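Fold and geometry: a report
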Amino acid sequence: METNRRILVTGGCGFIGANFVRLILAEQPDWRVINLDKLTYAGNLQNLEGIEEGEQYRFVKADICDASAMEKLFVEEQIDYVVHFAAESHVDRSITGPAAFIQTNIVGTFTLLEAARKAWLSGDWKGNDPRFLHVSTDEVYGSLGETGMFTETTPFDPRSPYSASKASSDHLVNAYLHTYELPVLITNCSNNYGPYQFPEKLIPLVFHNSMTGKELPIYGDGKYVRDWLYVKDHCEAIVEVLVRGRIGQSYNIGGNNEKQNLEVVTLICDTLDEKIGLPASGAPRRELITFVKDRLGHDRRYAIDASFIKEQLGWEPQVTFEEGIARTVDWYLANQDWVASVIDGSYQKYYEKMYG
Ligand code: NAD
Ligand code: DAU
């Protein structure tokens, strides 16, 4: 592994970003992590509780769309690596309010690319083996029927404002490689789950609702398929690509773990019943499942072919779905204060508590 890298992580207070910052701080003691986050509703400083600012870590509250702040930070911190997570990430929100997705995911990524280009390609300082890793999604490839898988060469076919904004940002990143030779890498990953996921996404939502006796909303017929990956596996794949990936290459990352939504939801309910017993009503939690109106333009199936990253970098998922769900359920059970503060909104006051 490289030593003494100075790494800018955008969106490090979100779900995957926080897991990634924790992994780097634990495994790369010689790296300095600069976590830049706007702290939108999805950013939560409590996700990094216990991590002190100092030589190894700095938090910067800023918007990736702020060009002068981004340019200043590259120079001030002499950034070597960028891992770009910051985004609006929830498909349902992109359907009801697409503007923020266009702004952050497209304009924000462009702004960050410009700052990197100025710092690494036009200034006096060229960075130390600089690398810009853009974290993207399998949703750029569109929706599959019952067969087939997404490979790195599958043509883009995004179908929601979220996936279209991510596809646009992927195109911009590639344009900076071809036009300016900016040293970029892209990862396109499938659905993540694990600690610190905001309870608007399926798995933490089902956990929260089933703990509080609320309905478990299943869109449409519940037979939509996602390829689930435990978040730590994703973060480890990102480190591999960042350090050993080939500049200009996109890498698909997936769990080899396709499940229908109904299977996922019943597994969470049954795991909870087993771990903490049936609720006071005496009815198994799976009875809370309620079929509701479908998501507009709902993509039927995603499936990642992750053979290229395995072949090239030796990465493959380590955590089985059953193990990952058991770990996730244990984490949410042990961190119900975290869930409560997200639900009642008090997590948003944490910034003032820490920084005044
Ligand atoms: P998240 O919504 O949990 O976190 C996003 C973070 O970005 C938050 O901390 C938020 O405050 C920050 N942010 C948003 N707008 C910002 C801005 N303008 N400036 C600075 N910070 C801003 O997202 P996540 O689920 O952790 O996803 C992280 C990345 O990974 C996203 O780019 C997403 O597209 C991608 N991804 C997610 C998944 C998944 O299953 N969650 C799968 C594949 C790829
Ligand atoms: O595939 C990667 C993508 O996975 C990431 O790029 C996105 O950032 C991430 O949010 C996720 O998108 P999905 O739309 O697949 O995740 P979500 O958890 O919102 O939904 C998973 C599936 O469950 C999807 O088929 C919709 C369905 N669903 C979701 C919710 C919130 C329900 O049936 N009921 C629900 O209440």
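The following paragraphs examine the structure supplied in this document.

Each value, and the rule that gives it
- Residues numbered from 1 in each chain as written.
- Chains lettered and ligands numbered in written order.
- Predicted model: local features only at pLDDT ≥ 70, side-chain atom pairs only at ≥ 80, totals over all residues.
- Heavy atoms only, no water.
- Helix = DSSP H or I, 4+ residues; strand = E, 2+ residues; numbered from the N terminus.
- Rg over C-alpha atoms; globule rule 2.2 N^0.38 Å.
- Buried < 20%, exposed > 50% of the residue type's maximum accessible area, 1.4 Å probe, protein only.
- Near = heavy atom within 4 Å.
- Polar contact = N/O pair within 3.5 Å; in protein donor to acceptor, adjacent residues only side chain to side chain.
- Nonpolar A, V, L, I, M, F, W, Y, C, P; charged D, E, K, R; others polar.
- Phe/Tyr/Trp six-rings, centres within 6.5 Å; stacked < 30°, edge-to-face > 60°.
- Contact = heavy atoms within 4.5 Å.
- Axes fitted to C-alpha atoms, helices over the stretch in contact; angles between N-to-C directions.
- Parallel < 35°, antiparallel > 145°, perpendicular 65-115°, else oblique.
- Left-handed = near helix turned anticlockwise from the far one by under 90°.
- Salt bridge = Lys/Arg side-chain N within 4 Å of Asp/Glu carboxyl O.

Things to note about the overall build of the protein chain
The helix and strand tally for the protein chain stands at 12 helices and 13 strands. Against the 2.2 N^0.38 benchmark of 21 Å for 356 residues, the protein chain shows a C-alpha radius of gyration of 20 Å, consistent with a compact globule. Here the C-alpha coordinates of the protein chain stretch approximately 70 × 50 × 40 Å along the principal axes. Classification of the 356 residues of the protein chain by burial places 56% in the buried group.

Details of the site of ligand 1
Close to ligand 1 lie 29 residues; Ile16, Asp37, Ser89, Tyr162 and Lys166 are nearest. Between ligand 1 and the protein, one listed contact pairs a nitrogen atom with a side-chain N or O atom of aspartate 63 at 2.9 Å. A distance of 2.9 Å separates an oxygen atom of ligand 1 from a polar backbone atom of asparagine 192. Contributing elements (two or more residues each) for the shell around ligand 1: helix H1 (15-27), strand E5 (131-137) and helix H5 (161-180).

Focus on the site of ligand 2
In the vicinity of ligand 2 there are 23 residues, among which Ser89, Thr137, Asp138, Tyr162 and Arg295 approach most closely. A distance of 2.7 Å separates an oxygen atom of ligand 2 from a polar side-chain atom of asparagine 191. Within the contact set of ligand 2, a nitrogen atom lies 2.8 Å away from a backbone nitrogen or oxygen of proline 217. Going through the elements one at a time, helix H6 (202-211) and strand E8 (216-219) are the ones with two or more residues in the shell around ligand 2. Counting residues per element, the shell around ligand 2 draws most heavily on E8, which supplies three residues. A per-class count over the shell around ligand 2 returns 10 nonpolar, seven polar and six charged.

Digging into the packing of aromatic side chains
Under the defined criterion, the tally for this structure stands at 23 aromatic pairs. Taking 4.9 Å as the distance between ring centres and 55° as the angle between the ring planes, the aromatic pair formed by tyrosine 176 and tyrosine 180 counts as tilted. Here tyrosine 180 and tyrosine 176 lie together in helix H5, a separation of four residues that amounts to about one turn. Residue classification places tyrosine 176 among the buried positions, given a relative accessible area of 6%. Taken together, a centroid distance of 6.2 Å and an interplanar angle of 75° make the contact between tyrosine 196 and tryptophan 338 edge-to-face. You can see tyrosine 196 sitting in the loop between strand E7 (192-193) and H6 and its partner tryptophan 338 sitting in helix H11 (residues 336-344), a full 142 residues away along the chain.

Observations concerning the environment of threonine 328
Of note, threonine 328 is situated in helix H10 (residues 321-334). Distance in space between the C-alpha atoms of threonine 328 and valine 21 is 18 Å, their sequence separation being 307 residues. Ignoring anything within four residues of it in the chain, the contact list for threonine 328 reads Tyr193, Gly194, Ile203 and Tyr230.

Brief notes about the packing of H6 against H10
At their nearest, the axes of H6 and H10 sit 11 Å apart, and the two run at 55° to each other. Comparing their axes, H10 and H6 come out oblique. Here H6 runs over H10; the crossing is right-handed. Mapping the contact onto sequence places Ile203, Pro204, Phe207 and Met211 in H6 and Ile325, Thr328, Val329, Tyr332 and Leu333 in H10. Considering only residue class, the contact of H6 with H10 consists of eight nonpolar, one polar and no charged.

A closer look at the pattern of salt bridges
Any two side chains of opposite charge can pair if their charged atoms end up close together. Counted under the stated rule, the structure contains 22 salt bridges. Residues arginine 6 and glutamate 77 are paired through a salt bridge, measuring 3.0 Å at the closest nitrogen-oxygen approach. Separated by 71 residues along the polypeptide, arginine 6 in strand E1 (residues 6-10) and glutamate 77 in helix H2 (residues 67-77) bring together distant segments of the chain. On the basis of relative accessible area, arginine 6 is assigned to the partly exposed category, the value being 27%. Accessibility expressed as a relative area gives 4% for glutamate 77, which makes it buried. The salt bridge involving arginine 244 is made with glutamate 240; its shortest N-O contact spans 2.8 Å. With arginine 244 and glutamate 240 both in helix H7 (residues 231-244) and four residues apart, this pair spans about one turn of that helix. Residue classification places arginine 244 among the partly exposed positions, given a relative accessible area of 48%. On the basis of relative accessibility, which here comes to 18%, the residue glutamate 240 falls in the buried class. Counted as one network, the salt bridges with shared partners bring together Arg6, Arg32, Arg58, Lys72, Glu76 and Glu77.

The quantities given are spatial measurements derived from coordinates; they are silent on function.
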